[in-house]
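# Understanding the architecture of this molecule
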Amino acid sequence: LPSRQARKRSMKSRADLGILVIIEMLADKVPAVNHINDLIQTVVRPAAGAIAFAASAKVVTDINPILALACGLLVAGSVHAVKAVAVRPAVTAATAGAGNVPVSIAEDVVAFITSVAAIIIPLVMGIILLIIFSLVLSWWLRRTDKTQTA
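What counts as what
- Residues numbered from 1 in each chain as written.
- Predicted model: local features only at pLDDT ≥ 70, side-chain atom pairs only at ≥ 80, totals over all residues.
- Heavy atoms only, no water.
- Helix = DSSP H or I, 4+ residues; strand = E, 2+ residues; numbered from the N terminus.
- Expected span 1.5 Å × (residues − 1).
- Bend = angle between axes of the 7 residues up to and from the residue.
- Buried < 20%, exposed > 50% of the residue type's maximum accessible area, 1.4 Å probe, protein only.
- Polar contact = N/O pair within 3.5 Å; in protein donor to acceptor, adjacent residues only side chain to side chain.
- 1 Å grid on protein atoms, 1.4 Å probe; cavity = no way out; pocket = protein on both sides within 12 Å on 5 of 7 lines; lining within 4 Å.
- Points joined across faces, edges and corners; volume = space filled by probe spheres on them.
- Nonpolar A, V, L, I, M, F, W, Y, C, P; charged D, E, K, R; others polar.

What follows is about helix 3 (residues 65-95). An ideal rise of 1.5 Å per residue puts 45 Å on 31 residues; helix 3 measures up with 43 Å between its terminal C-alpha atoms. Of all the bends found along helix 3, the most pronounced is centred on Lys 83 and spans about 35°. Within helix 3, the full set of buried residues consists of Ala 68, Gly 72, Ala 76, His 80, Lys 83, Ala 84, Arg 88, Val 91 and Thr 92. Capping of helix 3 at its N-terminal end is provided by Asn 64; its side-chain oxygen lies 2.8 Å from the backbone amide nitrogen of Ile 66.

If you want it as structure tokens, here you go:
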């Protein structure tokens with residue numbers, strides 16, 4: 001079990017991340033603040049994506065850490081660039097800033113649904129595979145019983 005101090009640090013880290021998420025979500029709803037936040041996040045988001053990708057890549061495969069960092073940087077940087085350089089400025093220009101809040105809320109909803117789906121879909125598929133396996137096994141056992149009694 002982790003020490004009490006490690007649990008406190010972990011809880012503090014979670015609280016800090018929660019505060020950062022709230023700031024990000026609120027800053028994203030105000031047009032001028034959103035653009036300043038996107039400017040600041042131009043460095044933070046790709047770096048965070050690179051670190052997250054590299055950290056999880058070692059679990060799945062044995063790729064070079066530099067390659068994993070580069071892939072994470074490209075993916076996170078591309079997503080950020082589309083949001084900060086293409087989508088949001090176009091929405092702001094087309095709607096005089098009035099469309100930023102609905103677009104931001106839509107982004108939050110899509111991100112939430114995608115995150116939940118990323119957790120639930122593998123679980124559902126695992127359950128479906130277990131059901132299929134048990135049905136095939138049941139069919140096979142009944143078939144072998146019939147051949148033995150005949």
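Attention shifts here to the layout of surface pockets. Each pocket or cavity is described by its volume, and for the largest pocket that value is around 550 Å³. If you go around the largest pocket, you meet 14 residues; those closest to its centre are Arg 45, Val 79, Lys 83, Glu 107 and Ala 111. Taken together, the elements giving at least two residues each to the lining of the largest pocket come down to helix 1 (4-27), helix 3 and helix 4 (100-149). In terms of residue count, the dominant contributor to the lining of the largest pocket is helix 4 (five residues). The residue inventory of the lining of the largest pocket, partitioned by class, reads six nonpolar, two polar and six charged.

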